[in-house]
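Geometric and topological summary
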Amino acid sequence: MRLSIDRKETGKFFMIGDKVLIKPKYPNSQTKSGLYLPPAVREREKLQSGYVIKTGPGYPLPAQTEESEAWKKKGDAVHYIPLQARKGDLAVYLQDAAYEIRFDDENYMIVPHSAILMFIRDEGLFE
């Protein structure tokens, strides 16, 4: 599925729940033997990789209601279990679970956190 968005501000994107916005990293299109692969072959691979741009708040927790303690204030704030993904991580994810969007002439993938198999995190990358 493809979605095309014409606005130029990624800062206004908010990911919902356990969703992660990933900028795909397209590997070298040449094989070890020197053959060039067309883009259609690369897109059919089961595993893809890319850099995490934004993450959602995480998995929502059910509301904690304790009727026996009526004096406690029942907050409306939703609590989340945070995701492992961080901005800048290199994620390896399942291509079949991802949704592709086009934003500002660039491709991005919206991937559920459960479809991400591995992260490569370089702490000194953005220093």
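The sections below set out a description of the structure shown in this document.

Conventions adopted
- Residues numbered from 1 in each chain as written.
- Predicted model: local features only at pLDDT ≥ 70, side-chain atom pairs only at ≥ 80, totals over all residues.
- Heavy atoms only, no water.
- Helix = DSSP H or I, 4+ residues; strand = E, 2+ residues; numbered from the N terminus.
- Buried < 20%, exposed > 50% of the residue type's maximum accessible area, 1.4 Å probe, protein only.
- Contact = heavy atoms within 4.5 Å.
- Areas by Shrake-Rupley, 256 points an atom, 1.4 Å probe, with all protein chains shown as cover.
- Pairing = 2+ DSSP bridges.
- Phe/Tyr/Trp six-rings, centres within 6.5 Å; stacked < 30°, edge-to-face > 60°.
- Lys NZ or Arg CZ within 6 Å of the ring centre and 35° of its normal.
- Core = buried A, V, L, I, M, F, W, Y, C linked by side-chain atoms within 4.5 Å.
- Polar contact = N/O pair within 3.5 Å; in protein donor to acceptor, adjacent residues only side chain to side chain.
- Salt bridge = Lys/Arg side-chain N within 4 Å of Asp/Glu carboxyl O.

1. Structural notes on the overall build of the chain
Within the chain, the regular secondary structure consists of one helix and nine strands. Sequence-ordered secondary structure for the chain, helices as α and strands as β, is β-β-α-β-β-β-β-β-β-β. Relative to its full complement of 127 residues, the chain shows a buried share of 28%. If you take every contact in the chain between residues at least 6 apart in sequence, the share linking residues at least 24 apart comes to 76%. In the structure as shown, the chain presents an accessible area of about 9600 Å², 55% of it carried by carbon and sulfur atoms.

2. So, the pairing of strand S8 (residues 106–112)
Among the seven residues that make up S8, five are buried, leaving the element largely enclosed by the rest of the structure. In this structure, strand S7 (residues 99–103) lies alongside S8, joined through five bridges in antiparallel fashion. In the strand pairing of S8, Ile 101 is matched with Tyr 108. Counting the residues between successive antiparallel strands, the hairpin from S7 to S8 contains two residues, one of them, Asp 104, with a positive phi of roughly 55°.

3. Overview of the packing of aromatic side chains
The geometry of an aromatic ring pair is captured by two quantities: the separation of the ring centres and the angle between the planes. Tallied over the full model, the rule gives two aromatic pairs. Each member of the aromatic cluster is reached from another via a ring pair, and the members are Phe 13, Phe 103 and Tyr 108. For the cation-ring pair, Lys 23 lies above Tyr 108, with the distance from its terminal atom to the ring centre recorded as 5.6 Å. Lying over the aromatic face of Phe 14, Lys 54 brings its terminal NZ or CZ to 5.8 Å of the ring centre.

4. Side note on the nonpolar core
Inside soluble globular proteins, nonpolar side chains tend to come together where they are buried. Membership of the largest hydrophobic core is limited to 12 residues, which are Val 20, Ile 22, Val 52, Leu 83, Ala 85, Ala 91, Tyr 93, Ala 98, Met 109, Val 111, Ala 115 and Ile 116. Elements represented by at least two residues in this core include exactly strand S2 (19–24), strand S6 (90–94) and S8. Beyond its immediate stretch of four places on either side in the chain, Met 109 contacts Val 20, Leu 21, Ile 22, Pro 24, Tyr 93, Gln 95, Ala 98, Tyr 99 and Glu 100. Among the nonpolar cores identified, the runner-up in size contains six residues, and Met 15, Leu 21, Ile 101 and Tyr 108 belong to it.

5. Considering the environment of Arg 121
When you line up the elements, Arg 121 lands in the segment after strand S9 (116–120). Residues Arg 121 and Lys 87, 34 residues apart in the sequence, show an inter-C-alpha distance of 9.5 Å. For Arg 121, the side chain forms a polar contact with the main-chain oxygen of Gln 84, separated by 2.8 Å. Within polar-contact distance, the side chain of Arg 121 engages the side chain of Asp 89 at 2.7 Å.

6. Topic: the pattern of salt bridges
Inspection of the entire model under this criterion finds three salt bridges. With a shortest N-O distance of 3.0 Å, Lys 19 and Asp 18 are connected by a salt bridge. Across the pair Glu 106 and Lys 23 runs a salt bridge, and its minimum N-O distance is 3.2 Å. Residue Glu 106 is located in strand S8, and its partner Lys 23 is located in strand S2; the two are separated by 83 residues in the primary sequence. Take Glu 106: its relative accessible area is 32%, and that puts it in the partly exposed class. Judged by relative accessible area, which is 25%, Lys 23 ranks as partly exposed.

Note that every value here comes from positions in space, so none of it alone points to a role or purpose.
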